[in-house]
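Listed here are the chains, written in short residue letters.
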Amino acid sequence: MKKLAKKSTKPKLSLVKKTNIGKNKPPRHFNRRVAKKSGKPMNKIEINSSSKSDRHKQNHKAKQTVKTTRRTDTVKEKNIKEPIRSNAEVESDDGRSEEELDEEDLSYFESEGRNAQFMLEVQDSNFSQQRKRKREKENQLEAYEQVPRELEETDPRKKLKALLPLKHKSGLEYRWEQKNDVVEDISEQDDPTEKHIDEIEVKQLPALSTIELFARRQQKLSSKKKEIAALASATIQDPEFSTHRLKALCMILQEEDVEIMVTIRKLAMVSLLEVFKDIAPGYRIREWGDKANQVKLSKGVKILRDFEEGLLKFFKKYLEFLEQTIKNYIKPKRLSKMTEEEVEIHEKSGVTREKLAVIANKCLCNMAIHLPHFNYHNNILSVIVPLMASEHQEMSDECCETMRTIFRQDIAGNSTLAAVKFISQLVKSKSYLVDSKVLDTFLSLRIKEVNIKDHDEERKKKVLDHKKKKMALSRSQRRHKKQLAKLEVEMQAANAAENKKEKLKLHTDTIQVVFTTYFRILKKSSKSALMPSVLEGLAKFAHLINLEFFDDLIDVLNSLIQSGDLQYRESLHCVLTAMHILSGQGEVLNIDPSKFYNHLYNTMLSVHAGQSSKDAVIVLDCLDVMINKKRRLVNIQRVLAFIKRLSVASMQSLPNAAMAFLASATQAMKAYPRSDLLLDNESTGSGVYQPELPEPEHCCAQNTALWELHLMKKHYHPHVHLYAQHLLKGCPVTGAGSLGPELARRTPVKVCEVFDSSQMNFNPTIENLIGKAPSQKSQASISENFLQAEFQDFAAKYESYDDSQDVL
């Protein structure tokens, strides 16, 4: 029966085997069940199919794994710890698990292990490799952590400190560095390691002689000079591809070698100045920013844009360096915030900082003159203008001269307006306590015409006209007109020619800032040292003042004259300003100018008669406005008094001023023919001439004559002689006593400037007056004849003396 039972079981097993032949996978539902019960897939099962006993063991192990997975799942679900059970209980559980297995599962466990290959292939190769790398890395880190951080050598005075390891393909490389710290020996006994420490100390370099030091410095200078020259010349030759050379030149500005620092920085500053003046384009570079990356550019445009961006970048760095160099001298760090060492260095480096600041200031002034159209010009002006009030005389004069040059050369007016605003802010910030040369720069302004009309009324008219035109036009016509307006704006921006309307607007804004500064000084600080400059400026630009300020300004000028606090030059400027106001638009005003005539008449004799004749020009300007330009409006008595006063003033003046006064008298006599009374010896009318009276109308000038002209005929200057003779002849146009065409065309002010001898230039030259210089032979013969004649006279006197003695 047993044999029959065994035979009956074999076919079933054989049937299971036949179904699994050629299949390398387990039953269909096995993996799901095991994974569901264990919570994770089974990656590896070791099966040995060498013998039947091994097969039974394999089946037994698989059953046990299933049982353990079930047990763990039930424990997790109930979250209760099971007590330790006996072997009998475990066997009973095994029996229950066998009954729960299906025939398909049982046939799989009883197979010969053909399906083990499938489970082995399930292994994740990447996962095993990652685990292997992680173990190796952990082993390396453990080895590194176990290494001591500091190692000691045989010498206790030196130690080794661990550095960060280097990572290679082969692994980590550990490094150590030797410490230089020397431990002080407390014991007083001689230690053999002390000799070793003394040997380690740095050996001092041998002392160099003065000649060797000088030779080394010259060698360094020559190498740096060659480098700067090569970089500068290469940049000028090919500027579009020389941005890196500009960077190298800017790096040389930061030279730190004490021996050549000052000289090299000076050379670098001047070289970069010439380079930027040469390669800077004739237009203002637009800063694109993020917009440049949004548009695709052609190759040529991209090269040009890269060049412009690099140029602006290093030009800005150069300007920042110049500004910082000047600030290090003008506004150094406060001594209270410095350490003792910094204070000593600051005191020793004063001369060096001054030299560098002077060169930096000259570079900025030069760029302000030659690059008024380029970027950052207003930034340059903001640095230069405060230096006009500096205590350093050289820098201050350089900045003032730069401002005058900018005012003369600027045609458009943009730079002029910016500079005038900066100067006005400077004067206000200093509470008007600046040198007069700062305000004297306004006299170089080339402004002859401004828009004096009321801007508010103009705007209102424009708005009304625009509304009327808008009502008359259709929608398409308005659109077309807007497009034309945009096109005109673009064309004006691209056109290089100056716009007259824009220029007039800029000049108007400039003159408003100038007058605001002048009026503030007149109102707040009438006794300031700037008063002469203010009055001189008002006299020059008086024809540009708005009509609304005339009454108040005339009252202020008259009060200044009557106060007596002004010198004669300042009072002359007051008179000139008042007469300019009253001769133009001020003719409409009902103001009596007689007080200004009286003041000029009394001040003429106080004009400086020494080396300079600059004050004579002011007198001539006043007379031109008060007499020559107001024909038939001035009393003849007043005209005669001024002509007489001019002839008196010519006798105490230098030749150029004397000629200018006589030329002014000539113009007055031509404008007023009745003034020839002064050339007649006989007096007309009653009274006696009284030159000491302050009022020219009541001094009886018609009862005197121009007798000073007879003395001026004997003047050593030939042209003074010509003018005096011309007046005595009655100012003829042709014939005897007439002036040449050159002298007749010149105004009195021009005559004073042309014949000025302040530079030791005599006009005409001496050679033209006396002819050719005599030769040496003629000079010798002249001297011999002179000596011979003198000797003969002396001999004749001696003979006559002897004869008289004999007679006695």
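Residues numbered from 1 in each chain as written. Predicted model: local features only at pLDDT ≥ 70, side-chain atom pairs only at ≥ 80, totals over all residues. Heavy atoms only, no water.

Some points on the layout of surface pockets
Stated formally: Definitions used for this entry: grid spacing 1 Å over protein atoms alone; cavity, a set of points where a 1.4 Å probe fits but cannot get out; pocket, an open set with protein on both sides within 12 Å along at least 5 of 7 lines; lining residue, one with an atom within 4 Å of a point. Grid points are joined across faces, edges and corners, and a volume is the space filled by probe spheres set on the points. Secondary structure follows DSSP: runs of H or I at least 4 residues long count as helices, runs of E at least 2 residues long count as strands, and numbering of each begins at the N terminus. Here the nonpolar group is Ala, Val, Leu, Ile, Met, Phe, Trp, Tyr, Cys and Pro; Asp, Glu, Lys and Arg are the charged ones; every other residue, Gly included, is treated as polar.
In this model, the second largest pocket occupies a volume close to 750 Å³. Forming the boundary of the second largest pocket are 26 residues, of which Glu-536, Val-617, Ile-618, Asp-621 and Glu-753 lie nearest the centre. Elements represented by at least two residues in the lining of the second largest pocket include exactly helix H22 (531-540), helix H24 (568-583), helix H26 (614-628) and helix H32 (748-754). The greatest single-element share of the lining of the second largest pocket, amounting to 6 residues, is contributed by H26. A per-class count over the lining of the second largest pocket returns 8 nonpolar, 9 polar and 9 charged.

Remarks on the nonpolar core
In plain terms, the rule: The definition of a nonpolar core used throughout is a set of buried Ala, Val, Leu, Ile, Met, Phe, Trp, Tyr and Cys residues joined through side-chain atoms within 4.5 Å. Burial classes: relative accessible area under 20% of the type maximum marks a residue as buried, over 50% as exposed, and values in between as partly exposed (1.4 Å probe, protein chains only). Working rule for contacts: check all heavy atoms of both residues, and any pair within 4.5 Å makes them a contact.
Judged by nonpolar contacts, the single largest core of 155 residues is most densely connected at Met-269, Tyr-318, Met-367 and Met-403. A total of 11 residues in this core trace back to one element, the largest contributor, which is helix H28 (residues 655-671). In contact with Met-269, other than residues within four places in its own chain, are Leu-253, Tyr-318, Phe-321, Leu-322, Leu-356, Ile-359, Ala-360 and Cys-363.

Re the environment of Cys-700
Within the fold, Cys-700 resides in the loop between H28 and helix H29 (708-712). In this structure, the C-alpha to C-alpha distance between Cys-700 and Val-688, residues 12 residues apart in sequence, is 6.1 Å. Sequence-distant contacts of Cys-700, defined by excluding residues within four places in its chain, comprise Ser-686, Gly-687, Val-688 and Tyr-689.

Quick word on unusual backbone geometry
Positive phi, close to 65°, is recorded for Tyr-376, a residue that is not glycine. You can see Tyr-376 is positioned in the loop between helix H14 (350-370) and helix H15 (377-384). Under the relative-accessibility criterion, Tyr-376 is labelled buried at 18%. Within the chain, Cys-731 stands out as a residue other than glycine whose phi angle is a positive 60°.

Quick look at a positive patch on the surface
This is how it is decided: Within the patch definition used here, like charges are joined within 9 Å and nonpolar side chains (Val, Leu, Ile, Met, Phe, Trp, Tyr) within 5 Å, considering only residues with over 30% relative accessible area and no salt bridge. Exposure was quantified through the Shrake-Rupley algorithm and a 1.4 Å probe, taking into account, for residues, occlusion by the shown protein chains and nothing else. Salt bridges are defined by distance alone: a side-chain nitrogen of Lys or Arg within 4 Å of a carboxyl oxygen of Asp or Glu. Lys and Arg are tallied as positive, Asp and Glu as negative. Neither His nor the chain termini are counted. By convention, the charge on Lys lies at NZ, on Arg at CZ, on Asp at CG and on Glu at CD.
Taken together, the side chains of Arg-475, Arg-478, Arg-479, Lys-482 and Lys-486 make up a positively charged region of the molecular surface. When you line up the elements, Arg-475 lands in helix H20 (residues 475-494). On the accessibility criterion, Arg-475 (66% relative accessible area) is exposed.

Overview of the packing of aromatic side chains
Cut-off, in case you're wondering: Only Phe, Tyr and Trp rings take part, Trp by its six-membered ring, and two of them pair if their centres are within 6.5 Å. Stacked means planes under 30 degrees apart, edge-to-face means over 60, and tilted covers everything else.
In total, this model carries 9 aromatic pairs according to the counting rule given. Summarising the aromatic geometry, the rings of Phe-515 and Phe-519 are spaced 5.9 Å apart at their centres and angled 10° between planes, so their arrangement reads as stacked. Of this pair, Phe-515 and Phe-519 both sit in helix H21 (residues 500-524), separated by 4 residues, roughly a single helical turn. Given a relative accessible area of 7%, Phe-515 falls into the buried group. The exposure class assigned to Phe-519 is partly exposed, which follows from its relative accessible area of 22%. Measuring from centroid to centroid gives 6.4 Å for Tyr-597 and Phe-642, while their planes differ by 65°, and the two rings are edge-to-face. Taken together, the residues span a long stretch of sequence, with Tyr-597 in helix H25 (residues 594-603) and Phe-642 in helix H27 (residues 636-650) at a distance of 45 residues. Each member of the pair, Tyr-597 as well as Phe-642, is classed as buried.

Description of the packing of helix H23 (residues 550-563) against H24
Cut-off, in case you're wondering: The axes used here are C-alpha line fits, helices contributing only the stretch in contact, and every angle between their N-to-C directions lies in the interval 0 to 180 degrees. Just so you know how the angles are binned, under 35 degrees is roughly parallel, over 145 roughly antiparallel, 65 to 115 roughly perpendicular, and the rest oblique. Each crossing gets its hand from how the near helix is turned against the far one by less than a right angle, where anticlockwise is left-handed and clockwise is right-handed.
Their axes nearest at 10 Å, the elements H23 and H24 cross at an angle of 155°. The orientation of H23 relative to H24 falls into the category roughly antiparallel. As for the relative orientation of H23 and H24, their crossing is left-handed in sense. When H23 is examined against H24, the residues Phe-550, Leu-553, Ile-554, Leu-557, Leu-560 and Ile-561 are found in contact with a partner set consisting of Ser-571, Cys-574, Val-575, Thr-577, Ala-578, Ile-581 and Leu-582.

Let's talk about the confidence of the model for the protein chain
As a reminder, the rule being used: pLDDT gives the predictor's per-residue confidence on a scale running from 0 to 100.
Per-residue confidence for the protein chain gives a mean pLDDT of 75, with 65% of residues at or over 70. Note that pLDDT drops below 50 for residues 772-783; the model gives that stretch 1 contact with residues more than four away or on any other chain.

Regarding a negative patch on the surface
Together, Glu-340, Glu-341, Glu-342, Glu-344 and Glu-347 give the surface a local cluster of negative charge. Of note, Glu-347 is situated in helix H13 (residues 340-348). Judged by relative accessible area, Glu-347 falls into the exposed class, the value being 60%.

Observations concerning the side chain of Arg-638
Looking at the element boundaries, Arg-638 is found in helix H27. If sequence neighbours within four positions are ignored, Arg-638 has contacts with Ser-594, Tyr-597, Pro-696 and Glu-697.

A closer look at the side chain of Thr-235
Relative to the elements of secondary structure, Thr-235 occurs in helix H9 (residues 210-237). Note on Thr-235: relative accessible area 0%, which makes it buried. Ignoring anything within four residues of it in the chain, the contact list for Thr-235 reads Ser-242, Arg-245, Leu-246, Val-275 and Ile-279.

Brief notes about H25
Residues Phe-596, Tyr-597, His-599, Leu-600, Tyr-601 and Thr-603 constitute the buried set of H25. Contacts from the buried residues of H25 go to H23, H24, H26 and H27.

Some remarks on the state of the cysteines
Here is the rule we go by: Two cysteine sulfurs form a disulfide in these notes if their separation is within 2.5 Å.
According to the stated counting rule, one finds 0 disulfides in the structure shown. Cysteine Cys-400 shares no disulfide, and the gap to the nearest cysteine sulfur, in Cys-399, comes to 7.0 Å. Unpaired in terms of disulfides, Cys-699 finds its nearest cysteine sulfur in Cys-700, a separation of 6.8 Å.

Here we look at a nonpolar patch on the surface
Nonpolar side chains collect at one region of the surface, where Val-295, Leu-297 and Val-301 lie side by side and expose about 220 Å² of accessible area between them. Positionally, Leu-297 belongs in the loop between helix H11 (261-279) and helix H12 (299-330).

Concerning the pattern of salt bridges
The final tally for this structure, using the stated rule, is 16 salt bridges. A salt bridge links Lys-327 to Glu-323, with the shortest nitrogen-to-oxygen separation between them at 3.2 Å. Placement of both Lys-327 and Glu-323 in helix H12 is noted, with a separation of 4 residues, approximately one turn of the helix. For Glu-323, a relative accessible area of 28% translates into the label partly exposed. Among the charged side chains, a salt-bridge network with shared partners connects Arg-216, Lys-220, Asp-257 and Glu-259.

Concerning the environment of Lys-629
Position of Lys-629 relative to the elements: it lies in the loop between H26 and H27. By relative accessible area, Lys-629 is classed as exposed at 61%. For the pair Lys-629 and Ser-583, spaced 46 residues apart in sequence, the C-alpha to C-alpha distance is 8.5 Å.

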